[in-house]
Structures are given as structure tokens and as C-alpha cells.
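Spelled out from the first residue to the last, the chains are:
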Amino acid sequence: MMPVLVSGSASPMLSSELSRTLGWELVKPEVRKFPDGEIYLRITSSLEGEEVVVIESLSPPQNEHLTELLFLLDLCRDLGARKLTALVPYLAYARQDKRFKDGEALSVKTIARLLELADKVVVVEAHSKESLSYFKKVEEVKCFSLLGNYLAKLGLRDPLFLSPDEGSMERVREAAKAAGADFDCLQKERLSGTRVRIERKRVDASGRDVVILDDIISTGGTVVESCKLLKGARRIWACCVHGLFVGNALERMKSAGVSRILSTDTIESRYSKISVAPALIKHL
Ligand code: R5P
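Residues numbered from 1 in each chain as written. Predicted model: local features only at pLDDT ≥ 70, side-chain atom pairs only at ≥ 80, totals over all residues. Heavy atoms only, no water.

**Considerations on the overall build of the chain**
Note the following rule: Put simply, DSSP H or I for four residues or longer makes a helix, DSSP E for two residues or longer makes a strand, and each gets a number counted from the N terminus. The buried label applies to any residue whose accessible area, calculated with a 1.4 Å probe on protein chains only, is under 20% of its type's maximum; exposed applies above 50%, and partly exposed to all values in between. By definition in these notes, contact holds between two residues if any of their heavy atoms fall within 4.5 Å. Methods summary: accessible areas were calculated by the Shrake-Rupley approach with a probe of 1.4 Å, and residue burial reflects only the protein chains presented.
Helix and strand content of the chain: nine helices and 16 strands. Its C-alpha atoms put the chain at 60 × 45 × 35 Å along the principal axes. Counting over 284 residues, the chain shows a buried share of 51%. Sequence separation of at least 24 residues holds for 63% of the intrachain contacts in the chain that already meet a minimum separation of 6. Only carbon and sulfur atoms are counted for the fraction: they give 48% of the accessible area of the chain, which is about 13,400 Å².

Printed below as a string of C-alpha cells:
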């Protein structure tokens, strides 16, 4: 028997793509709000004895999507799901994986505990190994080679793929390999939630198409600072897995010289040009 895919409200495009490719039944729960803001959920399809995959990205509004995911998992169990997987394309709070100051919440650990409602959790490109260490049963889906394959088809001239920090270095190297592009890595220091400093270094960007790749683009600060080292580049593009693009991130990046912005569908937006579905399928 094929599993049933239950789609939370954060991932409509990706869930349709997965259900179409895999031929699985797609269940769309009724999701409403009570007048006081509480969430109402209802599933009328039978899940008794079924293997169920609940897909819900923890994209903004993260706390709403998290609540919906937890309610859905518990509801599917109540309705008799035999085996339950939480498919979380974007794992929010993954950057809160250490106590940077005394007394801080390890928020991703709390999420890991809550997601024990499922038998297994599948996430796409978690921010760090530490963030995954709190989960009992988790699989991480890697997708930087998908990014590389996609970029390779876009006619880049003398391409250079750039990792803005050492944290993303190996992943960006993988994308560069898939695209047959050169690779370089910068060194970044985070000064605050919105400010970063990138170490000055010589980057061979002159006349080239440079793609800055990262796991997450949030405020765009990292991309903006990286652009300052790319004088003479023919074109600068920014490409990420999880495109949060908060506040005026898109305008900031464009003003810094970025002419094209691309992301995957782990967080769905008009920039989601690359689907992670082919990478996810191997883990379901
Ligand atoms: C952090 O280390 C991540 O890999 C990203 O570089 C970071 O989240 C990007 O954030 P922002 O766009 O706000 O600079």
C-alpha cells in the first residue's frame, strides 16, 4: 500500500509535486481560524492503518506552522496512522542550536522533542550538525548538487561559486562540482542578527559570473557584504536553499548588485525555481 501525503498549509506547491511524482494520495486538511486566533483542523479521509507522511515547512510564520504541524501529527495518530513521518522542508530555529550566552533557550532541541510525535523526521539541509543531534530519528536531505545542476543550465560565463562562510563551504563545493564551476570561500563573522563582517580577501571575480550560494538567505546581509568583494564581476547572482527574504532583503541584495535571486521550494515564494522533490523522494 502506498503512503498518504497530508499537506500542511505551508507547502502547497511541494506537496502537489511530490504527490504527482510519487502517485500518492494527497490529503489537504481543512484549516481554519477561530475568531480568537486558535487553529481549527479537520481531516475527513480515512487514515486507519495507513502509512502517513505529513509535510509542513516551518517557514514564516514559523510558530503558526509549528503549531499546525504538531496538531496534524497528533491528529493523524488519533485517526489510526500506522507509521508517521514528519517531512519538514525548512527546519526553523536550527540556528538556535547552541547556548551562545548563559541562560539561552536551545530552541531546536525543544522542537526535536515535540516532533517525537512522529516516528521519523525528514529535513532538508539543516543549518548544522548540532541542530540535528537533538533528534532521535532524523534524516537530512542534501540538495546542493540539485542547485548546481540547475545553475549549470543557465548559461553562466566563466562561473565562480562562492560560499560566504566556512559553514557552507562543503555544500557549495558540491554545487560547484555538479555545475563544473570554480569555487571559492569567504570568512564571515556575525556581529548581530542583521550585521555580518566578511574578511577582506582577493576574489578572482573580474569579468566572471559569480553565484553566491548559501543554505539560508534571511536579511540578505551576508550576500550584501559578499558583493563588496566582487568588484568587476560580470553578473552576481544569489542562490539558496531556504529563501526567508525577511524585511527588505530582496531590495538590499538588488541594490548591492545582485541581478538574479533563486531559491528552492522548501520555503515557497516567487523565487522558488528549484524543486527539492527529486532529492526528497529518496528519503520517503
Ligand atoms: C548562517 O550561518 C547561514 O548559513 C546564513 O549565512 C545566514 O543565515 C544568512 O543570514 P542573512 O541573510 O541574514 O545574512
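Let us keep going from here.
**Observations concerning the layout of surface pockets**
One way to see where empty space is left: roll a probe the size of a water molecule over the atoms. Note the cut-off: In this analysis the probe radius is 1.4 Å and the grid spacing 1 Å, with only protein atoms considered; a cavity is a set of points the probe fits into but cannot get out of, a pocket is an open set with protein on both sides within 12 Å along at least five of seven lines, and lining residues have an atom within 4 Å of a point. Grid points are joined across faces, edges and corners, and a volume is the space filled by probe spheres set on the points.
When its volume is computed, the largest pocket comes out at roughly 940 Å³. Elements that contribute at least two residues to the lining of the largest pocket include exactly strand 11 (188–190), strand 13 (209–217) and helix 7 (221–227). Of the residues forming the lining of the largest pocket, the biggest block, four residues, is contributed by strand 13. Every residue along the wall of the second largest pocket is listed here: A126, H127, S128, K129, L132, E140, K142, E166, G167, M169, E170 and R171. Among the secondary structure elements, those contributing two or more residues to the lining of the second largest pocket are helix 4 (129–132) and helix 6 (169–179).

**A short note on unusual backbone geometry**
For the bond running from P60 to P61, omega is 0°, close enough to zero to count as cis. With respect to the secondary-structure elements, P61 resides in the loop between strand 5 (51–55) and helix 2 (62–78). The phi dihedral of Y93 falls on the positive side, at around 70°, and the residue is not glycine. Looking at the element boundaries, Y93 is found in the loop between strand 6 (83–88) and helix 3 (107–114). Although it is not a glycine, F245 sits at a positive phi angle of roughly 45°. Residue placement: F245 occurs in the loop between strand 14 (235–243) and helix 8 (249–255).

**Section: the side chain of R208**
Applicable threshold: Definition of a polar contact: a pair of N or O atoms within 3.5 Å, with one able to donate and the other able to accept a hydrogen when the atoms are protein atoms, and with sequence-neighbouring residues admitted only if both atoms are side-chain atoms.
Inspection of the secondary structure puts R208 in the loop between strand 12 (196–198) and strand 13. Here P159 takes part through its backbone oxygen, which lies 3.5 Å from a polar atom of the side chain of R208. A polar atom in the side chain of R208 sits 3.2 Å from the backbone oxygen of D204. Among all residues touching R208, those that are not within four sequence positions of it are R157, D158, P159, L160, D182, A233, R234 and R235.

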